[in-house]
Amino acid sequence: MGHTRLDKIISLQRNPANIRNICILAHVDHGKTTLADCLVASNGIISSRLAGKLRYLDSREDEQIRGITMKSSAISLHYGDGDKDYLLNLIDSPGHVDFSSEVSTAVRLCDGAIIIVDAVEGVCPQTQAVLRQAWLENIRPLLVINKIDKLIVQLKLTSQEAYNHLQKILEQVNAVTGSLFTSKVLEERAEKEQEEKDSKSLDDIYEWSAGLEHADDSNLYFSPDQGNVVFASAIDGWGFRIQHFAHIYSQRMGIRVEVLLKTLWGDFYLNAKAKKIMKGAQAKGKKPLFVQLVLDNIWSLYDAVVTKRDKEKVEKMVESLDLKVMARDLRHSDPKVLLGAICSQWLPVSQAVLSMVCEKLPSPLEMTTERVEKLMSVGARRFDSLPDQTQELKKAFLQCSSEEDAPIIIFVSKMFAVEAKALPQKKQRLLTQEEIAQRRELARQRHAERMAAVQIAESQKDVAPSERMQHTIQPGGDSTAKVESQTGGELPEEESKDTFIAFARVYSGLLKKGRSVFILGPKYDPARGLDMLPEGCSASDSLPAVPHLSCCSVESLYLLMGRELEELEEVPAGNVFGIGGLEEYILKSATISTSPACPPFTPLNFEATPIVRVAVEPKHPSDMPKLVLGMRLLNQADPCAEVLIQETGEHVLVTAGEVHLQRCLDDLRDRFARIEISASKPIIPFRETVVRPPKLDMVNEELGKQQKVAIIHQVKEEVCQGRLSENMHVEPSGLVTLSTSNRVATVGVRAIPLPQEVTSLLDGSSELIRTLEHVNMSLREGKNLEVSPRTQETIAGFKAQLEGLLQGRKWRNAVERIWAFGPRRCGPNILLNSIDGYQRPSVWQCLERGENTTEDGGQASVLRDFDNSIVSGFQLATLSGPMCEEPLMGVCFSVEKWVHSNTQLQHQDSSEDSCSSNEAILGNKAESTSESSVQAEDKTAGPSQGRHRADVASVDCYGPISGQLIAAMKDVCRHAFQAQPQRLMAAMYTCEIIATADVLGRVYGVLGKREGRVLHEEMKEGTEMFLIKAVLPVAESFGFADEIRKRTSGLASPQLVFSHWEVISSDPCWVPTTEEEYLHFGEKADSMNQALKYMNTVRRRKGLYVEEKIVEHAEKQRTLSKNK
Ligand SMILES: Nc1nc2c(ncn2[C@@H]2O[C@H](COP(=O)(O)OP(=O)(O)OP(=O)(O)O)[C@@H](O)[C@H]2O)c(=O)[nH]1
Ligand SMILES: [Mg+2]
C-alpha cells in the first residue's frame, strides 16, 4: 500500500460521521472471504483478477489449505461515493461453529453486519446463530444473497424459477429475524424497556420495543425495496441492489424512480400496451418486473458467455452496455475470465455492497442509548444503579468525540498473535537515495580492506601459521565480523518471537502513543475504584492498588490491514485498530479508559461451549517449561480455548471442537511452544447418575425385591472381605447409614434420582446458583450484601420453577429443605435436609430478609456446628462418583438421619483437654479415613463457619471429628448412590447436515454406526438438499465430520454443537444371570454394553481398577510366532 493511501486513511479516521465499522457474517462456506476479496480489490490492494481466488484475509497457511477461515481479521478500506469519502473498517469472520467465539469478538466492535446467505443452501444453522448474535449486540444487519451464478449454471433454473427461489430465501431470513424479534431475548428487552418507562412516567418518547403489538417492525426486515438486500455472485464479481436498475430504467423508460423502487421487487408486471406497471403478475401469469428487467439480462449474459459461448452476441452486449473488455479476455479459453471481466465492470459487487453499507448502516456517532447502557451495565446490575460519574460517561459514548478533554474509552475484544517480523517497525522499508549511497560507500571500504588483508597475507606466506592468524584478525575486519555474527545469530531468534496485539475499538477520546491509561479487568467495580482512588487522578500518577485495575502506557498503535499492519501515531474515536505491548496486562479481553469511573464492558456472548479436552505433553520431558509457556500464550491468543492443569498434573487443553482442536495444536507446535508435542486421545467427559428402579423385569419377576436382596448380599460380602467397615448399615429401601470411625456421629442418606427437567434447570442455572451461594455465604459471615432487585427476582423465579417441577408426595416441601447444591456448590445435584427436628437456615434465606430462624435445642445446635462438614462431604461425593470418578448429575441425596452421641462428644472433649495420649488414638483413627477428608478439612476450616457459641464452645468444630464426618458423609453418599440402579450420562452433540438426496443413505449409515439418532429430516424447498438434524454422542464424534465428507465425496458436511447430557440406557453393571442370557450375550456381556465400555475406558485412563479378564482360555498353550 502506498503512502498516499495511508495518509488518506489517517485523515478519514478523524471524521467519525463517515466511518462504518462492519463485519461479514454467515454460515460456513457461504462466501464471506470471497466477498471480502472483492471489497479489498476495489481498493487496489489486490488485483481484481485475483479477487475471489486469493482469499486475502485468510492469511494463515492452514486457512488457505483447508479453505475455511479460522480467525477473524480486519482491514480498513476507503470508499468514495460522489463527493463523500468513507472509511470502512471491515472484519471478516469465520463461519465454522468451532470458531463462533471469533464471531463474538468481531460483532462487539462493529455497528453493522453484512449477513451472507448462499442462494442454493439458503438459511443454515450458523446463519441463524449469527443473526442472533447481531441481535444480541444490537447491531444492524444487511443481507447479501450470494452465489446466484450457481442457480444459473448448476441448478439450471430459469429466471422465473430463480425469482421464486430468491423470494423464498428472503422469507426464510425474515422468518428468523421475526422469531428473534418476538423471541425471549427481545421480550426481555421489551420488559426492561417497559419497566424503565414505568419508572419514568413523564418520558413520552415512543420506542418500538415497548410493546410488541404496537411495534413498528417494518424496518426490521430485509426487503430489496428498502435497499438492504444485495443480490450477488462474489466469485464472478457482480452484485446489485434494485436501486441500481431503478435508476437505469427510470431514465430509459421514463418512469419515476420511486415507482420503480416500489415495484421492481414484488408481484408487479409491465403492461406494454398501456405502458403501465400493474399488480398481480402471478395471477395473470405474467413475468414479474424483477425477472423481466433484471434477471433476464443476467441470464442472457450467462447464456451467451458460459453456455453458448456466442462471441458475436457477447460483443454486441459489451457494446450495448458500453463496457471495455480487453481482447485477451475475449479470447480466453476459460469463459469465467470473460464473465468476470464483463460483470466486474457492469455490476461491480464492491460498489453495490459498499454503497449499501454507507447508506444503510449507522456511523459510530449514531450509537443508540440502549446499546450504550447494555455495554456499560454488567451482570445483574442495572444501569441506573451505577455511580453518577459512571452514568455521565454515557454522554461520552454518544458524542464519540476526539477532543483532547474527552475521556478515552476503548474495548479490547481479543488478543491476537503476530510474528515480530511482521510488525511495521521491523519491516524492511525502501531505502532513500542517500542511504543507498552510504551503504555503497561502506561496502567499497570493506572490499578495499579485504583486498589489503589478502595482499598482506600473500606477502607473509612464509611466516608461521600462528602469526598469520594474528594478522588476519584486523581491527576493521574484526568489527564487521562481529556485526555480521550478531545480526546473523540474533535476528532469527527475535524474529521468530510472537507479539500480541489487542484487537480494539475506541468509543470515545483520542488515543495517542505514550498515553497512560487504566486497564479494567472484567470484574472491576467502578464504585469501589472511585472510592479508593483520589478524585481527578490519572493513570500516570502513583496510585494505591485497586483490585482488577492496572495502569500502563500505550506503546504502539496499528492500523489493521489484513495481513499487514501500519504504524499509527494516534487513533481518534470510532475506529477499529490494534494496540501493541499489552500482553502483560490483558489476558483475553478488557476495557481501557482514562477514567476510573468507566465500568468494564459486558462480557462477550459466546455461543460455543468448549467441550473437547486433550492432555498435552512434550515429546521430550525437558521441554516442559516451553510447553507451559506455549500453553499460556495459546490461552491468551484464543478467545475460546481453555488451558487447565488437572489434579493429576496433566496439562489439559479444552477446545470447542475437532477443527478448533487441530488448529490449537498446530499453533502450539509451530508458534507458541515450538517443540514436538503429543496430544492424548480426546478426553470425553461423562456424568454419573442414578435412575428409578424398574418395577418389573421383562421376564416376570419383581425386580425391586430382587435388587434389594442383591445389595444386602453385596454389602455383606464387602464387610466380610474387609472392604467395608462394620459401621455401615444398608436397608433394603436404599437408606444407607454409616457411623464415623470413632462412632461419634451417624448419618443416614438415601439417593434419589431427580426428574430430568429439574436436572436441566439446575444445569442451566449454575451461574444463578453461584450468585445465590455467594449471597448466602456473606449472610453467614454476618455481612449484608446488596442484591439488586432484579437478581432477587430471578432467584425467586428459579425457586418457583423448582417448586413447580418437584411435585408429588416424595418431594413434599423439598425446595424449602434444600441444603446445598453440588459439586463445587453450584452443580446439578441436591443435598436435602430430611432430618426430623433439624432446622437450618434455608438456601433461600436471601429472599426472606429480616426473618430470624428460631433457635433450637441442644442437639440441633451441636449439629449446626458440623453442618459444613456434611456439605463438604456431599461436595466431595458429587465431584467424583463411584463408577468412574466422574462428576454426578441429577442426583438428590436426602439426609434422613444424623445423630451425634453427645456423651461421647463430651467424653472425648474432656479427654482431649486432660491428656494428650488420647489424641494419638484419635489421630490414628483419623488416618484410617480416606485422604480426601484431609483435603476437605482445609476447605471447611474457613472463617465462614467460625460461629462460636458459649454453650458448645467445648465442641471443636475444626477438630478431627469434622474431618471424620466429611469422610463418613462422602462414603455414605457413594454407597447410597450404589444402592440405586446406576447409569452413565454421555455428552451429546446436535448435528445438522445438509446433503443431497443421492448421498442421504450414506449419511444415515455413518450416523447409525456412531450411535447417532436422527431427530428430523426436511427437504429444503426449491432445492434438492435435505437438512438432517440428529444427536450424536460426543464420544463417537471424533472423525465423524471427516468420515461423512469422505463417504459422500465432500457433498455433505456436518456442524456439531454441544447440546445436552443424556442418560445411556444400558446398565454398566449388568451381568447375565439366566442361562438364556449367558447364551445370548456371552459370559462377560460386554459386546452389547456400551456403557460398560465407556466406563472401563475412563477407569483405565484414570488408572483405576478395571474388572476384566486379561487372559482368556489360560489353559491353552499359545505360540505367539504362529499366531494361533
Ligand atoms: N459459485 C460460486 N461460488 C462461490 C461464490 N462465492 C464463494 N464461492 C465459493 O465458495 C467457497 C467458500 O468461499 P469462502 O469465501 O471461503 O467462504 P467463507 O464464508 O469465507 O467460509 P468460512 O470462512 O470458512 O466460513 C469457495 O470455494 C468459493 O470459491 C459465488 O458467488 N459463486
Ligand atoms: Mg472465510
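Treat the numbers as computed from the prediction; the structure is a model and nothing was measured.

(A) Main features of the pairing of strand 6 (residues 229-233). For strand 6, the buried fraction is high: five of the five residues fall into the buried class. Residue alternation in strand 6 divides its side chains into two sets, Val229, Phe231 and Ser233 and Val230 and Ala232, and both sets are buried. Pairing between strand 5 (residues 140-146) and strand 6: three bridges, direction parallel. By the bridge assignment, Ile145 is partnered in strand 6 with Phe231. Note that strand 6 and strand 7 (residues 238-240) share three bridges and pair antiparallel. By the bridge assignment, Phe231 is partnered in strand 7 with Phe240. Hairpin connection of strand 6 to strand 7: four residues between the antiparallel strands, including Gly237 at a positive phi of 80 degrees.

(B) Seen up close, the coordination of the magnesium ion (ligand 2). For the magnesium ion (ligand 2), the protein coordination sphere consists of Thr33 (OG1) and Thr69 (OG1), at 1.8 to 1.9 Å. Here Thr33, found in helix 2 (residues 32-41), pairs with Thr69, found in the loop between helix 3 (61-66) and strand 2 (73-81); they are 36 residues apart in sequence, far enough to count as distant. Across the pair, Thr69 and Thr33 agree in class, each one buried.

(C) Looking closely at the site of ligand 1. Among the 19 residues in the neighbourhood of ligand 1, the closest are listed as Lys32, Thr33, Thr34, Thr69 and Asp149. Between ligand 1 and Thr69, the relevant distance is 2.5 Å, taken from an oxygen atom to a side-chain nitrogen or oxygen of the residue. Here Ala234 contributes a backbone N or O atom positioned 2.9 Å from an oxygen atom of ligand 1. Calculation on ligand 1 without its partners gives an accessible area of 640 Å², and the protein chains cover 85% of this total. Element by element, the count of residues in the shell around ligand 1 is highest for helix 2, at three residues. Among the residues making up the shell around ligand 1, the classes are represented as four nonpolar, nine polar and six charged.

(D) Broad picture of the sheet that holds strand 20 (residues 612-618). With antiparallel pairing, the four strands of this open sheet are ordered in space as 21-22-20-23. In this open sheet, the two edge strands, each paired with only one partner strand, are strand 21 (642-645) and strand 23 (677-679). Along the sheet, successive strands turn relative to each other by an average axial angle of 30 degrees, direction set aside. Two elements, strand 20 and strand 23, share three bridges in a ladder whose sense is antiparallel. Bridge pairing in strand 23 places Glu617 opposite Ser678.

(E) Just the packing of helix 12 (residues 289-307) against helix 13 (residues 311-320), in detail. For the pair helix 12 and helix 13, interaxial distance at closest approach is 8 Å and the crossing angle is 140 degrees. It follows that helix 12 is oblique to helix 13 by the angle criterion. Of the two elements, helix 12 crosses helix 13, and the hand of that crossing is left-handed. Each of Ser300, Leu301, Asp303, Ala304 and Val305 in helix 12 lies in contact with helix 13, whose residues at this interface are Lys313, Val314 and Met317. Partitioning the contact of helix 12 with helix 13 into residue classes produces five nonpolar, one polar and two charged.

The rules we used
- For every chain, the first residue of the written sequence is number 1, and numbering continues from 1 along that sequence.
- Chain letters and ligand numbers both follow the written order, the letters beginning at A and the numbers at 1.
- Restriction of local features to residues with pLDDT of at least 70 applies here, the model being predicted, together with a cutoff of 80 or more for giving and counting side-chain atom pairs; totals for whole chains, interfaces and linings are based on all residues.
- For the side-chain quantities, the full set of heavy atoms in the structure was used; hydrogens and water were omitted.
- Type-normalised accessible area, obtained with a 1.4 Å probe on protein chains alone, sets the label of each residue: buried when under 20%, exposed when over 50%, and partly exposed for intermediate values.
- The secondary structure listing takes helices from DSSP runs of H or I that are at least 4 residues long and strands from runs of E that are at least 2 residues long, numbered from the N terminus.
- At least two bridges found by DSSP between two strands is the condition for calling them paired.
- Water is absent from the atoms considered, so a metal site may look incomplete; donors are defined as N, O and S atoms within 2.8 Å of the metal, or 3.2 Å for Na, K and Ca.
- To be near a molecule or strand, a residue needs just one of its heavy atoms within 4 Å of it.
- Any N or O atom pair separated by 3.5 Å or less is treated as a polar contact, with the protein-specific requirement of one donor-capable and one acceptor-capable atom, and with residues adjacent in sequence counted only for side-chain atom pairs.
- Note on areas: Shrake-Rupley, 1.4 Å probe, and residue coverage restricted to the protein chains presented here.
- Under the grouping applied here, Gly and all other residues not named as nonpolar or charged are polar, the nonpolar ones being Ala, Val, Leu, Ile, Met, Phe, Trp, Tyr, Cys and Pro and the charged ones Asp, Glu, Lys and Arg.
- Only the contacting stretch of a helix is used when fitting its axis, a line to C-alpha atoms as for every element, and angles between N-to-C directions run 0 to 180 degrees.
- If an angle is under 35 degrees, it is roughly parallel; if it is over 145, roughly antiparallel; if it lies from 65 to 115, roughly perpendicular; otherwise it is oblique.
- Note on convention: near helix rotated counterclockwise from far helix by under a right angle means a left-handed crossing. Clockwise means right-handed.
- Should any heavy atoms of two residues lie within 4.5 Å, those residues are considered in contact.

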